[in-house]
Amino acid sequence: MINSFKKIRILIVDDHAILLMGLKETISETDDLLVVAEARNGHEALEKIRSTELDIIVLDIDMPGKSGWDVLMQLKSEGSMLPTLVLSSFSEDNHALAAIKAGASGYLNKNSAPELLVEAIRKVAGGGKFVTQKLAEKMVCEWDRDELAHQKLSPR
């Protein structure tokens, strides 16, 4: 019997060859994910985005030349609806919210477990947003703090 489900087509963008190979290996161990393209910088990424049928981008932020930030901003300015999961060595505390505000659909630290990467790819490719539990709790705490500050304002 032929398996007829559609695989999630992925572009991986990272300037580190070893990491790129590891990501491809992790993804190849799943039945529903397929790396169809890879890029080592932002210029290559934009070229692949325009020439390849994709469902999701897994994007490093810190690359020489045109960075992942540049790619995110350009895609956002062009009105691209292509889901993007930022995979970065930068801590969530300092960069995740900025990446999501810049147009990313999710953020994951490179120190995360491979299973979490697969979960994040599936969620983002399916139209959802992905943040870790720790970041979600931080966002809620900040929202609560902002809400309380707002409640202190007088009607005037």
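Refer to the structure printed above.
Below, the structure is looked at part by part. (Residues numbered from 1 in each chain as written. Predicted model: local features only at pLDDT ≥ 70, side-chain atom pairs only at ≥ 80, totals over all residues. Heavy atoms only, no water.)

Bringing helix α4 (residues 92-101) into the picture now. All of the buried residues along α4 are Glu92, Ala96 and Ala99. When α4 is viewed along its axis, its buried side chains cluster within an angular range of 75° and face the same direction. In α4, the exposed positions angled more than 90 degrees off the buried face are occupied by Asn94 and Lys101. Looking at the residues trailing α4, positive phi occurs at Gly103, about 125°. (Buried < 20%, exposed > 50% of the residue type's maximum accessible area, 1.4 Å probe, protein only. Helix = DSSP H or I, 4+ residues; strand = E, 2+ residues; numbered from the N terminus. Arc of directions from axis to C-beta.)

Note: strands within a sheet are paired through backbone hydrogen bonds, in either parallel or antiparallel orientation. Read across the open sheet, the 5 strands follow the order β2-β1-β3-β4-β5; overall the sheet is parallel. Each of the sheet's edge strands pairs with one partner strand only, and the pair in question is β2 (33-39) and β5 (106-109). Neighbour-to-neighbour, the strand axes of this sheet turn through a mean angle of 25°, independent of strand direction. Here 4 bridges tie strand β1 (residues 8-13) to strand β3 (residues 56-59), and the two strands are oriented parallel to one another. Counted as the bridge partner of Leu11 is Ile57 from β3. The sheet strands contacting helix α1 (residues 17-28) are β1, β2 and β4 (84-88), and the helix crosses β2 at an angle near 165°. (Pairing = 2+ DSSP bridges. Axes fitted to C-alpha atoms, helices over the stretch in contact; angles between N-to-C directions. Contact = heavy atoms within 4.5 Å.)

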